[in-house]
Structures are given as structure tokens and as C-alpha cells.
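In case you want the letters, here they are:
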Amino acid sequence: MSEYIIRTVGLTKRYGEKTAVKQLNLTIKKGEVFGLLGPNGAGKTTTTLMLLGLTEPTEGFASIEGMDCTRDPIGVKRIVGYLPDNVGFYGDMTGRENLYFTGRLNGLPEDVIRERTEGLLERVGMTEAADQKTKTYSRGMKQRLGIADVLLKDPKIIIMDEPTLGIDPQGMRDLLSLIRELSEKDGRTILLSSHQLYQVQQICDRVGIFVEGSLIACGTIAELGKKMEREGKYTLELSAEPDNEALTRLLSGVEGVNGVEREGENILVHSRTDLRRRVTMELTANGYTLLGLRQKGGDLDEIYGRYFEKAEREQRKAEAKGNRALERLKKGLRSGQRKSGGA
Amino acid sequence: MLILAVIIITSYASLYGALSGISSDSDYIFLSLYTTSGNSIPSFMSFIALLGPFVGIILGFDGISGEKSERTLYRIAAQPIYRDSIINGKFLAGTTLIFLMVFTMGVSVGAAGLLVTGVPPSLEEVGRVFFYLVFTSVYICVWLGLSLWFSVVCKNAAASAMASIGVWLFFALFMSLVAGIIADAFYPMNNDWQALMNSMGNYTLELNLNRLSPYYLYSEAASTIMNPSVRAVNVVTMESLSGAISGYLSLGQSLLLVWPHLAGLIALMLATFAGSYICFMRQEIRAK
């Protein structure tokens, strides 16, 4: 019981007709890095806001360390640090003054604030720019100051909304290693939402995939891959020599193959079972040299794509029934595009 | 900042105007420093009545919407503070600044006038100036509350500024026209007979409608306070004037006349603040 630090039960948020979050049941363990994945407008930000008590859920409830997020938001906010997407600072104040202000809002004593501020500025590499006004900061600098700002209250849990958005590759690497460090060294629980799969894959212990307000899959990346396989979808990516028409014909002829398609240098073989062994034998028997063979489905990109496909298929079914789901999807997509355009 | 500088400059200009236009036959020379207008320069009072609302609006119009567009509201709201302390802080900071500014300016203009004229104020005059400044501060706070309300409701700062200025223009310029039209509709005065029967009702209704406007309420109260010869704020018939001895009202009596005005202004201030408070507390904190 106490192992789980964040739990939500049937958490639902409706905005008029549109349901932003549907019946969300989520548990997050202490000390883990959890990634909330999903396209823009999938309800990730709404979920994080409900966890912080900034938005009231329509149904269900969320708790952090046994505290109800709606009833006791002050207690929750005392132990949760929140880094909003595209964080803002008071432009007329320097970076250091902004941090002092946050410290005072948290009711920390002045000497603790001073000590922590210096330490954190050092940690995020902002000591030199700390006395500049924040309106002169670049996006990456703001992001780093934002992390210092979050850490100032020494939170047990850190919630980050799209932390990797708009940062250059070097900054991204630094940020990711910092997140990892926060979890491993300091033992903090981290919940981050993102639509950038690659980064999330690198640092998350577990991920949850969010589409249209519902959590359609949740688990470690390996688990999600396995689950996918159990559903009977295998894709084999291979390349062989000599690469000719006969090769594709041969592959199509192998028992159990559903389809063969070409993708650049590689050939994709779709099937319902694991065909690695049979395909290798078949190829060698016919005098082909196997150059590369990979079972797809193990990385997040794949999983993500699959789940989206699935969600879309369901969407189409709903459309066939003639309800207004499509309308809503379109609206969602449009607002999603607008959002990504704005960011 | 700029508007504060403008106000300080204009109030000294008005003092200069008053000094050149002042006449020594008044019994309240010190008060006339505030009320007299010089040639082409309006008086201190009319300057404040004109520019005061702007101070209030400028302090409030981007209170919440600015925090939203700078994206700092999220960060502040995620700290362990109650949500109402954000809006309370905004309003209290504004009112403190307004009271400080109004009193500093009123006292410094008085001091400068004292240095130049060399006429010391009587205790009653000091009292009148004090109450005038209180009225002014409350009046400006009404506009602060209103613009804060718009800043909660409007998505961006420009819209909220336009809305506040629009309301101000309406009250300052058009309210009296509207009040006149409505009063005429209820109590028509198209011929002598109607004029005889309805003039009392017409005038009273128009006055009361006008008093809905904080601008009118404030001007009426300020002129009563600063001008001891104003004896009544409502309709006075010839009958009730008969036998009256012409003279000045004491401070206590003047205050008695405008007491409802002060209560009304404070109520308006609290109402506008309550509006912004309720809207803010019920609002979703998400700046998109």
C-alpha cells in the first residue's frame, strides 16, 4: 500500500461534451520515473493538474501519499514540485530573486533558501546567469532555472509537463541525465509527460500510453512489447543477399507469413507467430546470405504506433455507428495542431 | 510608473494654477488650493477625478491575465499557498499603493501650497482634506477592483484594459445622458403641466440613476467635502430654504451629507473585488 505514492481511482474530467480524462486508474511507485505518453490534447496536462489540485476532477479521486489531491492541495503541493510546460518567470527579477521568491512562498527560512539556491544554481549550471534578469534568458536557461525552482522546496515527487520541448540536443542530454540522477541519487519519484518517445524510453522505468483521455497501456517498455506479441502481431525486419524479386516471393511462400513489404533497404515480414527460426532456415536453404534480422516491437516507437493504430481503429468503429465521435476527434486534432503550433 | 509621474506633474501644475487663480476673500484658503482652477489649468480635484481611475485600472488590468501570459501563474499556483492569497495579494498590494500614493500626493501638494502661500490650515481644513483623500483612495480602489475582475475574466491584458477603460468612459461621459433619457421616459416634461407635476420626480430619478456611477458618486462627495458652502446633495425646495441662514456647514455636517456616498463607494469596491475573487476561485488554472 505504502509502496504506491501516487494513485488515482476512476479519475475523470469532462469539459462540457468533451471528456478530457476518462476513468483513469494509475498507480506510481515510490522512486520510479514514470512517463505519461500521448499525442497533444490526450489529457496529459489535465491529469497532472488534477494531481496538483489545480483542476477539480468531475469524478473519481487522486491521492498523493495518502492525501486527497482535491481536498488537501496545500499538503500535496508541499511535497510535489511541478514544472509546467514552457515555464515562466518574473522578467524584471533576476534568476536568483525568482528562486528566493519561490522559497518564501514555501515558507522556508531565509538561510535555507540562500543555501539551497546557491547549491541548485550550481547543479543546473546557472550560477553565472543567476544575476541576469530572467527576461533575457533563452528557453533552455528558463527550463534549467525551472528545475532549480522545482527542487528548491526539496520535493518528494516531481511532476514535469513536456520537459524536453524546445531544448537543443546537448541541453536535452543534460536534462535527461539530471532527471535520472534526481531519481537514482535523491530517490525522488518523477512523473513526466511527453510526446517525445525516444527520450522517455531512455529514462523511464514505466510508461503509460494515453490516447483520447484514456490510459490504453501501462507498464515497463519490455512488458508493453510482450503484450503486443501476445496479441499476435509480429514484424520481422530483415535484409539478405542477393536482394531480388525471388527473395520476396520466397518469403511470401513461407508458412505463416501474412504479408511482405519493402521498406527502403529492408524487407518487413508480417506474421502471427514468431518466424525467426523458420525464415532463417528457409533463406540459408535457398542460398541467401542473411545480413540482418530484427524482431520489431521492442521499442517504444513501435508500441506507441501500434496503440495509436488500435485507438484509431476503435475510433473508426465508433464512426461507423454514426455517433459524433469523429467530430470530437477532429476537434481534438485541430486543437492539438494549434497547440503544437503555438509551442 | 509613467502614470504616477504624470499624476505628480499634473498635480503640481494644478497647484500652480490654483496659486495664480486664488483669491484671498475665501474663508477656506487652504481648501481652495485643491479646488481652484487657474487659467486653463484644471484644479487638483478635477485632475485626480480624471486620472485616478487610470491609476486603478493600470494597477489591476494585467493582474491575473499578465501572470497567465507570462506563464508564472502555474508556477505560483503550484506552491503550497491558498489560491485566494494570490488574488488577495494582488488587491491588497494595489490598495496599499493607491492609499500611499493618494496621501503622499495630497499632503505634498498641501505642503507646497503652505510654503508658497504661508496660510496655515485650520484643524477643520486638515480634517476635510483627510476625508477627501480617503474618498479618493476608495474611489480609485473601485477601479482597481473592476480592472482586476476584467483581468480574471479576459484572456489577455489588452482586452481587459480596453474593457475597464470602456466602463470608465461610459460612467464618466454617457451615464448622465442615459440617466436623463430614462428620467424623461418615466417623468415626461413635455408641457407646462407635466413639468409642474413631474419635475421633482424627474430630477430625483435622474440624480439617483447618476449615483449608480462611481464617477458621479465620487464627484458629488468630493465637492461636498471640499466645499463647506454645499448644504445639500438632494433636491431642495424654495420652501425648505426659507428662513435658512446662509453659512458654512461644519465638517461633521458635511460628512453626514456624504456618508451614504462613502458607504456606496466602499460597497462598490467590495463588490468588484468579490466579483474578481469568485471568478478567480472558480476558474481553472490553465493558461492555454
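Residues numbered from 1 in each chain as written. Chains lettered and ligands numbered in written order. Predicted model: local features only at pLDDT ≥ 70, side-chain atom pairs only at ≥ 80, totals over all residues.

Report on the overall build of chain B, specifying residues and quantitative values.
Counting secondary structure elements, chain B contains 12 helices and zero strands. For chain B, the N- to C-terminal ordering of α and β elements is α-α-α-α-α-α-α-α-α-α-α-α. Along the first, second and third principal axes, the C-alpha set of chain B runs to 70 × 55 × 35 Å. In chain B, which comprises 288 residues, the proportion classed as buried is 37%. Put simply, 76% of the contacts in chain B that link residues at least 6 apart link residues at least 24 apart. (Helix = DSSP H or I, 4+ residues; strand = E, 2+ residues; numbered from the N terminus. Buried ≥ 20, exposed ≤ 12 C-beta atoms within 10 Å, placed from the backbone. Contact = placed C-beta atoms within 7 Å.)

Residue-level account of the confidence of the model for chain A, with values.
Here chain A shows a mean pLDDT of 81. Residues at 70 or above account for 84%. In the model, residues 339-343 of chain A has pLDDT below 50 throughout and makes six contacts with residues more than four positions away in sequence or in other chains. (pLDDT = per-residue confidence, 0-100.)

Explain helix H3 (residues 95-105) of chain A to me, and be specific about the residues and the numbers.
Residues and elements named next belong to chain A. Listing the buried residues of H3 in full gives Gly 95, Arg 96, Asn 98, Leu 99, Phe 101, Thr 102 and Gly 103. Of the surrounding elements, those touching the buried residues of H3 are helix H4 (110-123) and helix H5 (139-151). At the C-terminal side of H3, Gly 107 shows a positive phi close to 70 degrees.

I'd like to hear about the sheet that holds strand S12 (residues 257-263) of chain A, residue by residue, with values.
Residue and element names in this part refer to chain A. Spatially, the four strands line up as an open sheet ordered S12-S13-S11-S14, and their pairing is antiparallel. Both outer strands of the open sheet, S12 and strand S14 (289-296), are each paired with one neighbouring strand and no more. Averaged over all adjacent pairs, the angle separating strand axes in this sheet is 25 degrees, with direction ignored. As paired elements, strand S11 (residues 234-241) and S14 share seven bridges and run antiparallel to each other. Paired with Leu 236 across the two strands is Gln 295, which belongs to S14. Those strands touched by helix H9 (residues 245-253) are S11, S12 and strand S13 (266-271), and its axis lies near 155 degrees from that of S12. (Pairing = 2+ DSSP bridges. Axes fitted to C-alpha atoms, helices over the stretch in contact; angles between N-to-C directions.)

Summarise the interface of chain A and chain B; cite the residues concerned and give the values.
Tallying the contact residues gives 20 residues for chain A and 16 residues for chain B. Only helix H2 (73-79) and H3 of chain A provide two or more residues apiece to the side of chain A that touches chain B. When grouped by side-chain class, the residues that make up the side of chain A that touches chain B number 10 nonpolar, six polar and four charged. (Nonpolar A, V, L, I, M, F, W, Y, C, P; charged D, E, K, R; others polar.)

Account for the nonpolar core, naming residues and giving values.
Counting residues in each nonpolar core, the largest one holds 62 residues, and the members touching the most others are Leu 52, Ala 148, Ile 159, Ile 190 and Leu 191 of chain A. For Leu 191 of chain A, the contacting residues outside a window of four places in its chain are Ile 6, Ile 28, Phe 34, Leu 36, Ile 157 and Ile 159 of chain A. In this structure, Ile 48, Val 129, Leu 148 and Trp 149 of chain B belong to the second largest nonpolar core, which totals 55 residues. (Core = buried A, V, L, I, M, F, W, Y, C linked by C-beta atoms within 7 Å.)

Describe the sheet that holds strand S5 (residues 67-68) of chain A, with residues and values.
Residue and element names in this part refer to chain A. One open sheet accounts for four strands, arranged S2-S1-S4-S5; its pairing is antiparallel. The outermost strands of the open sheet, each flanked by one partner alone, are strand S2 (18-29) and S5. The pairing of strand S4 (residues 59-64) with S5 spans two bridges and is antiparallel. Bridge pairing links Ser 63 to Asp 68 in S5.

Which residues make up the environment of Phe 130 of chain B, and what are the values?
Residue and element names in this part refer to chain B. With respect to the element layout, Phe 130 can be found in helix H7 (residues 123-153). C-beta crowding within 10 Å serves as the criterion here: with 15 such atoms nearby, Phe 130 is assigned to the partly exposed category. Note: C-alpha distance between Phe 130 and Ala 93 (37 residues apart in sequence) is 21 Å.

Report on unusual backbone geometry, specifying residues and quantitative values.
All names here are of chain A. Positive phi, normally seen in glycine, also occurs at Gln 23, with a value near 40 degrees. With respect to the helices and strands, the residue Gln 23 is situated in strand S2. Notably, Asp 154 is not glycine yet its phi reads approximately 55 degrees, a positive angle. By the secondary structure assignment, Asp 154 is in the loop between H5 and strand S7 (157-161). Here Asp 154 falls in the partly exposed class, since 15 other C-beta atoms lie within 10 Å of it.

Help me get a handle on the pairing of strand S9 (residues 206-211) of chain A, residues and values and all.
Residue and element names in this part refer to chain A. Counting buried positions over the six residues of S9 gives five, a clear majority of the element. By the bridge criterion, four bridges tie strand S3 (residues 33-37) to S9 in an arrangement that is parallel. The residue of S9 that forms the bridge with Phe 34 is Arg 206. Pairing of S9 with strand S10 (residues 214-219), which is carried by five bridges, proceeds in the antiparallel orientation. Looking across to S10, one finds that Phe 210 is bridged to Leu 215. Between S9 and S10, which follow one another and run antiparallel, lie two residues, and Glu 212 among them has a positive phi close to 50 degrees.

Could you give an account of the environment of Gly 171 of chain A, naming the residues involved and the relevant values?
Its location among the elements puts Gly 171 of chain A in helix H6 (residues 169-184). The sequence separation of Gly 171 of chain A and Met 141 of chain A amounts to 30 residues, and the corresponding C-alpha distance is 9.2 Å.

Before we move on, can you summarise H4 of chain A with the specific residues and values?
All names here are of chain A. For H4, spanning 14 residues, the distance from its first C-alpha to its last is 20 Å, which sits close to the expected 20 Å at 1.5 Å a residue. What H4 keeps buried is the set Thr 117, Leu 120 and Leu 121. Within H4, the buried residues cover an arc of 100 degrees as seen down the axis, which keeps them to one side. What points out from H4, more than 90 degrees from its buried face, is the exposed set Asp 111, Glu 115, Gly 119 and Glu 122. Residues of H4 that are buried sit in contact with H3 and H5. (Expected span 1.5 Å × (residues − 1). Arc of directions from axis to C-beta.)

Residues and numbers for the packing of H7 of chain B against helix H10 (residues 214-226) of chain B, please.
Residue and element names in this part refer to chain B. It is the contact of H7 with H10, at a shortest axis distance of 9 Å, that shows an interaxial angle of 175 degrees. Taken as axis vectors, H7 and H10 run roughly antiparallel relative to one another. Contacts between H7 and H10 involve Arg 128, Phe 131, Tyr 132, Phe 135, Tyr 139 and Val 142 on the former and, on the latter, Pro 214, Tyr 218, Ala 221, Ala 222, Ile 225 and Met 226. When grouped by side-chain class, the residues that make up the contact of H7 with H10 number 11 nonpolar, no polar and one charged. (Parallel < 35°, antiparallel > 145°, perpendicular 65-115°, else oblique.)

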